[in-house]
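# Examination of the molecular architecture
Each chain is listed here by its residues.
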Amino acid sequence: MTVFEARHIGVQYQRNGEPFAPFSDVSLALEGGRMYNLTGPSGSGKSTLLAACALMLPRSGGSLALNGVPFDRFHPTEWRRRVCLVPQASALVPGTVRDNLRFPWTLKVNAGTEPPSDEFLEELLALAQLNGVTLDHSAAQLSGGQQARVALLRAFATRPTVMLLDEVEAALDEESAVAVSRLTRALLTGATTCLRIRHRADDGYACGTFTLADGAISYEAHPVTADNTPVAGTGAAVGILEGASR
Ligand SMILES: Nc1ncnc2c1ncn2[C@@H]1O[C@H](COP(=O)(O)OP(=O)(O)OP(=O)(O)O)[C@@H](O)[C@H]1O
């Protein structure tokens, strides 16, 4: 089922006083429980597209929808809570891993909602396979790969519908990058989806790749198994993130 749709999206910047549009008519649809790659040459507009989908940038045209509901029926803050953009360098805040995983609940966007319990956070942490890192661990003592995974958990803990990952594993070694992919895949439930900018070779976790080049987008599906799931990974967090244990 399609959970996120972008139709005929355009963005226009000003460059030396002149309008400049990396793209003006880009459409894509993402199905639930899937992970998609977004690739394309440097400067083709990948980060711009993610920011526009998260309503972080004004669009020059086009529409967005979540589960068929148009974006203008959401308050922009609520949209950004559901369509979560994770930048490449997601800075962790000083303090413990718990402080970081609960950080979204210090923000206005989550005002009035209960922060997650330690039990829920421990279940999430277990998925990330962080070699014994606990909720009380100092975030400053985590490796780069561990920090990237805690940043992902922090974003997923708010249960967004769409995760937009802007090269979250770009600065990591191959082993840590695979760990981030595995964790992302494990965190997806049937009601959530993920679009990630990726420059590395495919790692088998995505069901397909969008390519943005020269203002146009194309899509290529990846091989799937007989039960129509991507080759690598499973939604291991389905039970956790669908609510039973929070
Ligand atoms: N704030 C801005 N003002 C003007 N032009 C911008 C702005 N941000 C990005 N651009 C331009 O828009 C184009 C797309 O940039 P964007 O960062 O989206 O590309 P990208 O595909 O993500 O690139 P990369 O793979 O190098 O990260 C580039 O030509 C860039 O110079």
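Structure shown above.
Residues numbered from 1 in each chain as written. Predicted model: local features only at pLDDT ≥ 70, side-chain atom pairs only at ≥ 80, totals over all residues. Heavy atoms only, no water.

### Notes on the packing of aromatic side chains
Evaluated as defined, the whole model comprises five aromatic pairs. Centroid distance Phe 4 to Trp 79: 6.3 Å. Interplanar angle 50°. Geometry classified as tilted. One end of the pair, Phe 4, is in strand 1 (residues 2-15); the other, Trp 79, is in helix 2 (residues 76-82), and 75 residues separate them in sequence. By relative accessible area, Phe 4 is classed as buried at 1%. For Trp 79, a relative accessible area of 0% corresponds to the buried category. (Phe/Tyr/Trp six-rings, centres within 6.5 Å; stacked < 30°, edge-to-face > 60°. Helix = DSSP H or I, 4+ residues; strand = E, 2+ residues; numbered from the N terminus. Buried < 20%, exposed > 50% of the residue type's maximum accessible area, 1.4 Å probe, protein only.)

### Here we look at the sheet that holds strand 1
Spatially, 2-1-4-5 is the arrangement adopted by the four strands of the open sheet, whose pairing is antiparallel. Pairing within the sheet leaves two strands with one partner each, and these edge strands are strand 2 (18-31) and strand 5 (69-70). Of the strands in this sheet, strand 1, strand 2 and strand 4 (61-66) are in contact with helix 1 (residues 46-53), which crosses strand 1 at around 120°. (Pairing = 2+ DSSP bridges. Contact = heavy atoms within 4.5 Å. Axes fitted to C-alpha atoms, helices over the stretch in contact; angles between N-to-C directions.)

### So, the sheet that holds strand 10 (residues 216-221)
The six strands are arranged 6-7-8-3-9-10 in an open sheet whose pairing can be described as mixed. The open sheet terminates on both sides in strands that have one partner only, identified here as strand 6 (83-86) and strand 10. Going across the sheet, the axis of each strand differs from the next one's by a mean of 20°, ignoring polarity. Judged from the six bridges that link them, strand 9 (residues 208-213) and strand 10 form a sheet pairing that is antiparallel.

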